[in-house]
Amino acid sequence: MISQFFILSSKGDPLIYKDFRGDSGGRDVAELFYRKLMGLPGEESPVVMHHDDRHFIHIRHSGLYLVATTSENISPFSLLELLSRLATLLGDYCGSLGEGTISRNVALVYELLDEVLDYGYVQTTSTEMLRNFIQTEAVVSKPFSLFDLSSVGLFGAETQQSKVAPSSAASRPVLSSRSDPSQKNEVFLDVVERLSVLIASNGSLLKVDVQGEIRLKSFLPSGSEMRIGLTEEFCVGKSELRGYGPGIRVDEVSFHSSVQLDEFESHRILRLQPPQGELTVMRYQLSDDLPSPLPFRLFPSVQWDRGSGRLQVYLKLRCDLPPKSQALNIRLHLPLPRGVVSLSQELSSPEQKAELCDGALRWDLPRVQGGSQLSGLFQMEVPGLPGPPGQGQSTSAPPLGLGPASLSFELPRHTCSGLQVRFLRLAFRHCSNANPHKWVRHLSHSDAYVIRI
Amino acid sequence: MTDSKYFTTTKKGEIFELKAELNSDKKEKKKEAVKKVIASMTVGKDVSALFPDVVNCMQTDNLELKKLVYLYLMNYAKSQPDMAIMAVNTFVKDCEDPNPLIRALAVRTMGCIRVDKITEYLCEPLRKCLKDEDPYVRKTAAVCVAKLHDINAQLVEDQGFLDTLKDLISDSNPMVVANAVAALSEIAESHPSSNLLDLNPQSINKLLTALNECTEWGQIFILDCLANYTPKDDREAQSICERVTPRLSHANSAVVLSAVKVLMKFMEMLSKDLDYYGTLLKKLAPPLVTLLSAEPELQYVALRNINLIVQKRPEILKHEMKVFFVKYNDPIYVKLEKLDIMIRLASQANIAQVLAELKEYATEVDVDFVRKAVRAIGRCAIKVEQSAERCVSTLLDLIQTKVNYVVQEAIVVIKDIFRKYPNKYESVIATLCENLDSLDEPEARAAMIWIVGEYAERIDNADELLESFLEGFHDESTQVQLQLLTAIVKLFLKKPTETQELVQQVLSLATQDSDNPDLRDRGYIYWRLLSTDPVAAKEVVLAEKPLISEETDLIEPTLLDELICYIGTLASVYHKPPSAFVEGGRGVVHKSLPPRTASNESTESPETAPAGAPSGEQPDVIPSQGDLLGDLLNLDLGPPVSGPPLATSSVQMGAVDLLGGGLDSLIGAPNFVTPPAATAPANLGAPMGSGLSDLFDLTSGVGALSGSYVAPKAVGSISMDLQLTNKALQVMTDFAIQFNRNSFGLAPAAPLQVHAPLSPNQTVELSLPLSTVGSVMKMEPLNNLQVAVKNNIDVFYFSTLYPLHILFVEDGKMDRQVFLATWKDIPNENEAQFQIRDCPLNAEAVSSRLQSSNIFTVAKRTVEGQDMLYQSLKLTNGIWVLAELRIQPGNPSFTLSLKCRAPEVAQHVYQAYETILKN
């Protein structure tokens with residue numbers, strides 16, 4: 001069972017310290033943890049550390065370390081899960097998690113910890129259930145304003161109020177009764193997909209994998225029912241067929257336990273009565289079979305002159321999104337052979353940027369429109385580079401240490417699986433006067449988009 | 001105003017100020033003051049001096065303030081035990097408060113104050129709270145017992161709290177159950193011998209029920225507790241597994257892993273040829289794969305566990321190689337783990353894919369990862385013999401890159417490959433020798449020297465090579481020195497003429513100029529061997545070496561088995577048994593996997609059969625509902641009825657009437673009671689034809705219910721007729737029915753509808769529609785059906801045999817060509833021949849009668865005066881049966897030949913023919 005729990009600031013100062021089992025270690029333990037963490041060699045896993053017979057498990061969240069210790073052989077999974085739940089809980093109760101919010105709400109945090117953990121046994125982590133027990137009010141730093149325009153803008157340039165939720169809304173505690181009731185009626189629904197792709201050097205696709213989830217953050221009073229309509233052609237599994245087209249297919253789906261699925265089979269509607277706070281309504285997974293072409297294709301060509309040590313890399317990046325969509329914050333990362341000394345570049349448009357950093361080439365493209373093609377020519381000096389044998393002086397075979405290229409990007413208003421939220425309807429019983437704000441967003445981003453060279 | 005000002009530095013007199021505020025009579029001010037005290041406490045300031053003042057604030061009806069004060073008390077009571085006594089009265093009073101939140105708060109806090117004097121006062125309130133009406137208080141009290149036990153174990157035993165805690169396992173609230181289980185598990189761990197958590201089928205059943213209802217965290221406690229249970233046979237293991245399996249799709253990965261642990265452990269008891277075993281294997285893979293989409297920390301823990309699982313049961317994940325491919329942005333510790341698992345999963349089938357990946361990895365930038373990848377290629381060569389050649393050439397390619405650490409790593413693994421496949425790949429030695437100069441790591445140097453020594457006779461300049469190493473002998477590490485010594489001795493034994501000088505040199509270096517005792521000893525041994533008996537020396541030094549195998553990197557099996565019991569715990573992350581890292585006596589009970597029991601060999605007595613788990617029953621055992629049951633079980637067999645309805649022909653002939661008649665005749669038959677000798681399957685030997693008339697009269701131990709059950713019959717769709725008679729003195733309500741899994745997946749298509757309560761001696765007749773979409777398990781005999789009927793009084797079990805022809809479907813007519821091809825295609829050993837005697841019908845009549853039961857005549861032929869009918873039929877589960885019926889005019893005996901891909905149905909199909917034709 002859990003012996004201690006503490007929260008450390010990014011500098012290692014204890015913000016919260018709670019001992020559940022009368023452990024002798026005291027707060028030196030927190031210091032010990034920080035020292036161990038800092039002194040850890042790179043290849044070792046920082047997930048579970050131990051000192052004598054005290055075991056540390058921690059996560060890092062918003063710059064804070066949430067740490068649990070135990071001296072027994074218990075499940076590290078449950079501790080990791082618990083810590084991330086605690087992070088969510090503290091966020092729900094105190095507003096966004098951070099050094100300031102924690103130190104302002106020490107008493108509240110302790111009260112929460114007391115209800116969540118008794119003698120190191122987890123009791124509950126449901127925001128809703130805990131509401132019955134928690135007395136202390138959260139202290140919020142500054143009143144939240146929906147129209148605080150300075151904080152608007154989630155996707156970089158995409159600052160259309162109608163489509164993008166103010167980002168500071170998320171930093172508000174869910175459960176504060178002091179806040180203005182008119183502000184409470186907000187729902188945020190995000191469809192977020194992570195795309196992992198591995199493309200071999202001959203251009204063939206080795207692996208595609210989409211992990212998606214539908215996340216909900218609700219400020220509505222608990223128990224208000226909502227219905228989320230998904231694309232009707234949504235199919236689960238390899239064999240199911242719906243609609244006339246190829247359908248939106250995923251391999252596996254799991255739902256949050258509060259989701260009622262009686263309309264799912266017939267109309268692809270999820271019905272739920274979400275508690276206040278955040279929850280993941282649905283998770284899904286899709287591999288190997290994407291309905292749309294991959295967002296990016298990279299065509300590299302490498303010229304390498306061994307004699308002079310000149311390495312020339314020509315990269316052509318094609319964006320295969322539909323012409324109306326665009327990708328943002330694209331960054332291409334290409335590890336280079338050791339000892340690269342200089343870089344000269346020719347880029348296809350002025351807003352792009354390329355530089356050497358940590359032995360790799362970094363090529364930043366703020367935005368790429370669907371259907372467009374960009375290119376970059378990079379020349380580098382690599383003195384004394386070993387390379388594949390038995391070939392001539394000038395060769396197109398890549399030298400050792402070059403690649404693989406990895407891309408990171410965001411695709412706003414685009415899901416790789418094609419899944420869309422058709423509608424989000426709320427049924428109100430109590431506060432019919434207040435018109436709730438509904439924010440529905442779709443977003444895909446890269447998880448590991450790797451192209452071998 | 002924000003609380004952040006609580007953190008301002010301590011000024012002189014701050015304590016004094018706080019004191020004043022604490023004693024203020026304004027509630028708000030007091031509350032703020034206590035908050036400040038707590039904030040100071042958190043940052044490590046000593047505010048114990050305020051103890052009396054804070055305790056004074058305890059007497060309040062403000063819950064928020066009370067909580068704050070309690071928080072303070074928990075922290076400082078230990079350092080001020082005498083003062084803590086002051087708080088006791090309030091605690092005791094609060095334990096009686098009408099507000100359950102306050103009662104729970106008081107008992108929780110008291111348990112956390114680890115002061116001996118307080119514990120005495122804790123007993124009475126705790127006893128009350130354990131029996132509190134509010135579940136929130138009870139669950140808090142349950143944990144408090146564990147706290148008290150930690151402080152004073154003797155007291156807990158003397159006060160009888162353990163028994164109360166055991167009672168809480170059957171509490172109605174799942175949260176209370178979960179906490180009681182957690183507390184008991186922990187207490188039990190400190191007393192390994194005590195039988196605190198007395199797990200038996202009944203209590204397991206209770207836990208399994210609570211499992212479905214409690215929170216995710218409670219589920220973890222319960223699953224961990226289940227994992228400690230050893231089922232008494234494979235049936236029980238299977239039924240527990242079935243109920244645990246749904247947890248695999250839980251969103252909380254800790255629940256998933258705990259469920260995996262239970263399944264992995266109980267699987268050990270299941271026979272591998274069981275269908276269920278295969279199903280379970282398939283079910284385990286997806287949740288494990290899903291775990292890999294979590295954050296890197298969870299991934300790492302998952303991978304460590306998967307590493308164990310893969311070693312124990314590689315078949316679970318053998319098709320999932322791709323998910324272990326390393327992602328570019330994985331943290332290094334995840335990468336290394338994935339690599340390890342990839343090698344464990346490597347097999348001849350996927351080795352090409354694996355090697356291609358490994359080669360890619362070997363060209364990445366991260367040095368540690370590259371090294372490990374190169375090593376992995378070597379391990380693949382050792383593991384999959386067919387791939388060795390490919391691996392070696394891949395390694396050679398890598399050596400050609402001349403990247404220093406890649407070359408060294410490659411040489412180390414090539415040495416291992418030589419040890420596994422001696423005299424096979426010496427051709428590469430030349431390439432290796434080219435890279436001699438670049439080797440600067442001891443391990444690589446030692447490996448190279450070993451190779452030179454081992455193959456000295458094939459390397460022309462072996463003496464020069466070794467001599468070059470000898471120059472800096474004293475600067476080498478011990479590993480290299482030892483290897484060099486041995487290699488030169490080997491060389492000398494192989495080429496004695498040219499190397500005498502060299503060997504003398506190394507021997508003197510090792511024996512005279514070295515401080516290392518190992519080196520000296522080895523040097524002397526060689527010296528004496530060589531000087532006394534060179535032949536013996538040759539035998540010793542050049543002896544055949546045992547081949548290495550891939551098992552060298554596997555976890556030792558007994559340890560592995562122990563670790564499997566600890567899946568999902570820290571032990572599985574460290575890959576060490578808990579005794580190696582957990583202090584003292586806690587948790588060091590050695591666990592081992594349950595032994596595999598042979599299926600069907602267990603002699604179950606009805607008394608020990610788990611109640612309420614009909615799926616685990618022997619077909620002929622009626623589980624006990626009380627001690628009397630075995631004796632009072634009455635089996636009532638209806639006489640073989642001569643004119644009962646032809647269930648099969650009913651499809652077209654008005655089933656209702658016929659059945660009505662059938663039921664009448666059944667009901668009319670006297671219910672004679674056979675003597676109580678009862679577990680024999682009374683209808684096993686009964687002819688199939690009497691399937692409909694088999695009639696059970698079940699009476700439970702209290703003589704509660706008598707039901708007559710009529711076997712299912714066909715009315716286009718399948719249904720089952722039941723006749724329930726209440727033979728008890730009590731009114732019966734709330735009927736429900738359930739089938740055990742059976743060969744054809746028969747299951748009730750609708751709930752059992754008994755509308756009015758059944759009063760004593762009343763009889764009700766019902767028809768229950770059936771579907772064939774239930775779960776499937778092969779039964780013995782094939783057409784056996786186990787049924788449980790539940791009502792407000794008890795659960796009643798019986799089993800019955802149904803005639804197979806109810807399962808013949810209407811689209812069972814096969815095309816002639818297909819028939820012919822299929823008939824030829826099915827091997828002859830699947831053909832079964834039967835005689836149907838005393839059937840006076842002619843071929844047409846037979847054909848039409850069979851057709852009405854969905855046995856279709858595909859073709860008819862007359863050969864030498866005999867009529868040959870070729871017929872086909874299909875079962876609900878898609879099995880085709882092909883038949884040839886030979887009828888000789890004038891002879892009432894027919895010959896029936898059946899061919900089917902599933903020969904076990906033949907006997908039952910024959911019986912169906914008999915039934916259809918004879919009636």
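To be clear, the structure that these remarks concern was listed above.
Each residue is numbered by its place in its chain's sequence as written, counting from 1. For naming, the first written chain is A and the first written ligand is 1, with later ones following in the order written. Restriction of local features to residues with pLDDT of at least 70 applies here, the model being predicted, together with a cutoff of 80 or more for giving and counting side-chain atom pairs; totals for whole chains, interfaces and linings are based on all residues. Based on all heavy atoms of the structure, the side-chain values leave hydrogens and waters out of the count.

### Describing the packing of aromatic side chains
Here is step 1 of the chain: Here a pair means two rings of Phe, Tyr or Trp (six-membered ring of Trp) with centres within 6.5 Å. Their orientation is stacked below 30 degrees between planes, edge-to-face above 60, and tilted elsewhere. As enumerated under the stated definition, the model contains 26 aromatic pairs over all chains in all.
Here is step 2 of the chain: With 6.3 Å between their ring centres and 20° between their planes, Phe6 of chain A and Tyr17 of chain A make a pair best called stacked. In this pair, Phe6 of chain A is assigned in strand 1 (residues 2-8) and Tyr17 of chain A in strand 2 (residues 14-19), connecting sequence segments 11 residues apart. Here the two residues Phe6 of chain A and Tyr17 of chain A agree in accessibility, since each one is buried.
Here is step 3 of the chain: The interplanar angle of 15° and the centroid separation of 4.4 Å between the aromatic rings of Phe133 of chain A and Tyr136 of chain B together place this pair among those described as stacked. Here Tyr136 of chain B lies in helix 8 (residues 135-151) and Phe133 of chain A lies in the loop between helix 5 (127-130) and strand 8 (186-199), a pairing that spans two chains.
Here is step 4 of the chain: You can call Phe133 of chain A buried: its relative accessible area is 12%.
Here is step 5 of the chain: Members of the aromatic cluster, joined through ring pairs, are Phe6, Tyr17, Phe33, Tyr34, Phe56 and Tyr65 of chain A. Going along the chain from the N terminus, every DSSP run of H or I of four or more residues is numbered as a helix, and every run of E of two or more is numbered as a strand. Accessibility here uses a 1.4 Å probe with only protein chains present; expressed as a share of the type maximum, an area under 20% marks a residue as buried, one over 50% as exposed, and anything in between as partly exposed.

### Some words on the pattern of salt bridges
Here is step 1 of the chain: Any Lys or Arg side-chain nitrogen found within 4 Å of a carboxyl oxygen on Asp or Glu counts as a salt bridge. Under the criterion given, the structure shown has 65 salt bridges over all chains.
Here is step 2 of the chain: Ionic pairing is found between Arg318 of chain A and Asp320 of chain A, a salt bridge with its closest N-O pair at 3.0 Å.
Here is step 3 of the chain: Classification of Arg318 of chain A as partly exposed rests on a relative accessible area of 30%.
Here is step 4 of the chain: Assessed through its relative accessible area of 22%, Asp320 of chain A is described here as partly exposed.
Here is step 5 of the chain: Ionic pairing is found between Lys31 of chain B and Glu28 of chain B, a salt bridge with its closest N-O pair at 3.3 Å. Of this pair, Lys31 of chain B and Glu28 of chain B both sit in helix 2 (residues 27-42), 3 residues apart, which is roughly one turn of that helix.
Here is step 6 of the chain: Judged by relative accessible area, Lys31 of chain B falls into the buried class, the value being 10%.
Here is step 7 of the chain: Through salt bridges with shared partners, one network takes in Glu225, Arg227, Asp262, Glu263 and Arg271 of chain A.

### Comments concerning the packing of helix 6 (residues 100-112) of chain B against helix 7 (residues 116-130) of chain B
Residues and elements named next belong to chain B.
Here is step 1 of the chain: Lines are fitted to the C-alpha atoms to define the axes, a helix being fitted only along its stretch in contact, and any angle between axes, read from their N-to-C directions, falls within 0 to 180 degrees. Where helix 6 meets helix 7, the axes come as close as 10 Å, and the angle between the chain directions of the two elements is 145°. Seen along the crossing, helix 6 lies across helix 7 with a hand that is left-handed. Residue-level contacts link Val107, Met110 and Gly111 of helix 6 to Ile118, Tyr121, Leu122, Leu126 and Cys129 of helix 7.
Here is step 2 of the chain: Put simply, Ala, Val, Leu, Ile, Met, Phe, Trp, Tyr, Cys and Pro go in the nonpolar bin, Asp, Glu, Lys and Arg in the charged bin, and everything else, Gly too, in the polar bin. When its residues are assigned to classes, the contact of helix 6 with helix 7 shows 7 nonpolar, 1 polar and no charged. Helix crossings are classified by the rotation of the near helix relative to the far one: an anticlockwise turn of less than a right angle makes the crossing left-handed, while a clockwise turn makes it right-handed. Whether two residues touch is decided by their heavy atoms; if any such pair falls within 4.5 Å, the residues are in contact.

### Some remarks on the side chain of Thr895 of chain B
Residues and elements named next belong to chain B.
Here is step 1 of the chain: As for its placement among the helices and strands, Thr895 is situated in strand 12 (residues 894-900).
Here is step 2 of the chain: Look at Thr895 and you get buried, because its relative accessible area is 15%.
Here is step 3 of the chain: Throughout this description, a polar contact denotes any pair of N or O atoms lying within 3.5 Å of each other; where both atoms belong to protein, one of them has to be capable of donating a hydrogen while the other can accept it, and for residues adjacent in sequence the pair is counted only when both atoms sit in side chains. Within the structure, the side chain of Thr895 is placed 3.5 Å from the side chain of Gln835, a separation counted as a polar contact.
Here is step 4 of the chain: The contacts of Thr895, once residues within four sequence positions are left out, are Gln833, Phe834, Gln835, Glu884, Leu885 and Arg886.

### Things to note about unusual backbone geometry
Residue and element names in this part refer to chain A.
Here is step 1 of the chain: Positive phi is not limited to glycine here, since Tyr119 has a value of about 55°.
Here is step 2 of the chain: Positionally, Tyr119 belongs in the loop between strand 6 (117-118) and strand 7 (121-122).
Here is step 3 of the chain: Residues other than glycine seldom take positive phi values, yet Arg413 does so here, at roughly 55°.
Here is step 4 of the chain: Tracing the chain through its elements places Arg413 in the loop between strand 25 (405-412) and strand 26 (421-427).
Here is step 5 of the chain: Residue Arg413 is classed as partly exposed on the basis of its relative accessible area of 46%.

### A word on helix 5 (residues 81-94) of chain B
All names here are of chain B.
Here is step 1 of the chain: Helix span, as expected, comes to 1.5 Å for every residue beyond the first. A rise of 1.5 Å per residue sets the reference length of helix 5, with its 14 residues, at 20 Å; its end C-alpha atoms lie 20 Å apart and thus fit the reference within 8%.
Here is step 2 of the chain: Listed as buried for helix 5 are Ala84, Ala87, Val88, Thr90, Phe91 and Asp94.
Here is step 3 of the chain: The inward-facing, buried residues of helix 5 contact helix 3 (51-56), helix 4 (63-76), helix 6 and helix 7.

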